[in-house]
Each structure stands twice: as C-alpha cells, then as structure tokens.
Amino acid sequence: MLRVVRLSGSVQFCFMSAGAWQTEDSAAMAEAGGGRGIIPFHIAVAGQCWVRAGERRAALAAGDVVALPHGDSHQLGAGDDGRQVLVLEALPPPPWREVPVLRFGGGRARQVQLLCGYVQCEAMAFAPLRQALPSLMLARGQGASGAWLRAAIAQMAAEVERPRSGGRSVLERLTELVFIELLRQQILRLRPDSTGWLKALGDPALGRCLSLVHEAPYRDWDVAALARGCGLSRSTLMERFEALLRTSPMRYVRAWRLCLAGMALEGSDRPIAAIAHEAGYGTEAAFSRAFARAHGAPPAAWRQRARMAAG
C-alpha cells in the first residue's frame, strides 16, 4: 500500500511564534494548492502548541506531525485567548527560491517552531484510501518508536535554516517519508473491531488479494483467480470484501484501474483511448462514463484541470 503513495508536489514554510497566539480558522491551504488531493500538514520542530479541527483538539510537541487528509478547516495555537496571527497573509507571493520563514511575537516567551505546508497526494483519488483516513492524522515523535521521525524532522529543519543546493528536493523526499510514517502509524493504531481499507490490508488473506491487484492491476482478473491467489473460496472472498470494504472484488479492481488512469491522464500525454484500453474498457465512451462517475469529471476535463493546476 505504501508503494502507491507518491507526492506529486509540496509547498512548505517555516512558522515561528512566541507567547500566546492562534492562527485564523481556515482551509485555505488546500485552496492555495489547487484543490484535489491537497493535504495540509504541520510538523512541530520546537516548543508546544495545539491543533484544532472541528470538535477535536490535540496537543503538539517537538517531533510530532499532524496532517488533515480531507483538507478540513483547522486552527493552530499556543495558550488560550492569544493574539491572532494571519499566517497566509504574511507569506510572500510564490514562487519561492527558499523556504519562507515567518516570525511572530518576541520577548523571552518560549518560541514555537513549525514547518507547515501542503502535499499533493495523487493516491487520494482512490476512494478506499480516502474514505479510510480520519479527518486528522497525528504521529508522535516521542519515545524510542519516534526516533526516526525526530531525526527526519531535525534534517528538515536544518535544510530550512541552512539552505544548500538541492535542499528543496531533499525536503520533498523527507516530506514524502514523513507522510508515509503518518500512514503507517495510522495502520498500527487500528482497533481489532475496525473495518475499511486499512483493516483489510492487515487481514492475511485480503491483504494478499489486494497486493495481487495492486502489483498486477491490468491482469485479466476474475473472482476465481483472486480467490486462488489468496487461498480462499470465491464465496468467502466475496463475503470478506463485503464485510470489510463494502464492495466486491471486481468493483475494487475497476476502482483501482480508474485511479491509475487518473494518474496517467495527469502525468502523461498518452491518448485517452490508449489509457481506456489499458484500464480494460472496450470503448473510449464507456471509459469516459465510468471515469466521470468515479472522479466527478470526464477524462479530458480531468486532464485539463490538472494541467491548469500545475501551471
């Protein structure tokens, strides 16, 4: 599952503030990034603060990472009833040659340092993944299990404080790894009675079945072949899919192919007819109808919108 997570872009800035403060309540980060698949994130480098999304409020300490995979409106702050800082208004107009550093407040109050921004994750177009993720994902950097996360964050902070050639590429790769760690910790915290895609990945038989689909998505799959591959009868496989994923094996195959088709439309100039054939559709018209049902726009409009966002 983690192999399919690739970040097609990211923007970051460094935010530093002292005393009591709070940001504006805004989902504008996703809007600034161009819309679909945009995930705001905040990485605590130093100090302590809180994040609030809807009714949930969580404390952040150095080494913690929080992301909002659905782009929900949220606030950050330290203390209570602090001054409001308008972070997005303070940002210089892009493009940025170096990571912008915003400073608010002063004096001897302990300073909070955050790396903030957004990532664009193409895999969020895949409904089972998108629906499996909570509105707020939080990974802790404390303790022995968080040592790797703390080291990655320290390296990211160093790249911001001492810009060097190639630093932006290093930051992008580290951000991708930190996001994958967020997903991994989300999987490890699953309750035994949970359902959904992440739970299915941990099921020995269903996990094997999903691996077969993701490793060879264009193979001529049918329920019998998938059942043989994961050691279940066809009826048991169908029952497990319905219980955990609320879908059937073949609908899952089609959904993953359409997700890959969306990535191909965004990342290549291949003809739509060729992408439709690869996805298993006999005609471009049938592919267009299925793609529009899954993604909310026909293939040509999807490609055009992606190019406008990239521009």
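Let me begin by describing the structure that accompanies this report. Computed from a prediction, not measured in an experiment: that's the story for all the values here.

Conventions and cut-offs
Residues numbered from 1 in each chain as written. Predicted model: local features only at pLDDT ≥ 70, side-chain atom pairs only at ≥ 80, totals over all residues. Heavy atoms only, no water. Axes fitted to C-alpha atoms, helices over the stretch in contact; angles between N-to-C directions. Helix = DSSP H or I, 4+ residues; strand = E, 2+ residues; numbered from the N terminus. Parallel < 35°, antiparallel > 145°, perpendicular 65-115°, else oblique. Contact = heavy atoms within 4.5 Å. Core = buried A, V, L, I, M, F, W, Y, C linked by side-chain atoms within 4.5 Å. Buried < 20%, exposed > 50% of the residue type's maximum accessible area, 1.4 Å probe, protein only. Pairing = 2+ DSSP bridges. Expected span 1.5 Å × (residues − 1).

Direction vectors running N to C along helix α9 (residues 234-245) and helix α10 (residues 249-267) enclose 60 degrees, while the axes themselves pass 9 Å from each other. Comparing the axis directions of α9 and α10 gives the class oblique. Contact with α9, carried on its side by Leu 237, Met 238, Phe 241, Glu 242 and Leu 245, involves Pro 249, Arg 251 and Tyr 252 of α10 and no other residues of that element.

A few words now on the nonpolar core. Across soluble globular proteins, nonpolar side chains show a tendency to be buried alongside one another. Residues Trp 197, Leu 237, Phe 241, Leu 245 and Tyr 252 are the most contacted members of the largest nonpolar core, which totals 54 residues. Dropping the residues within four chain positions of it, Phe 241 is found in contact with Leu 206, Cys 209, Leu 210, Arg 246, Thr 247, Ser 248, Pro 249 and Tyr 252. Ranked by size, the runner-up nonpolar core spans 24 residues in total, among them Phe 13, Leu 60, Trp 96 and Leu 114.

Moving on to the sheet that holds strand β2 (residues 21-23). Spatially, the five strands line up as an open sheet ordered β5-β4-β7-β2-β8, and their pairing is mixed. The sheet is open, and its two borders are formed by β5 (56-61) and β8 (83-85), each paired with just one other strand. Adjacent strand axes in the sheet meet at a mean angle of 25 degrees when their direction is disregarded. Two elements, strand β4 (residues 48-53) and strand β7 (residues 75-78), share three bridges in a ladder whose sense is antiparallel. From the neighbouring strand, Val 51 faces β7, where its bridge partner is Leu 76.

This part covers helix α4 (residues 147-161). The end-to-end C-alpha distance of α4 is 21 Å, a good match for the 21 Å that 15 residues give at a rise of 1.5 Å each. Within α4 the residues assigned to the buried category are Leu 149, Ala 152, Ile 153, Met 156, Ala 157, Ala 158, Glu 159 and Val 160.

A word on the pairing of β5. Bridge analysis of β4 against β5 gives six bridges, and the strand direction is antiparallel. Pairing of Gln 48 across the sheet is with Ala 61, part of β5. Between β4 and β5, which pair antiparallel one after the other, the connecting turn spans two residues, and Gly 54 there sits at a positive phi close to 65 degrees.

Read these as spatial facts, not as claims about activity.
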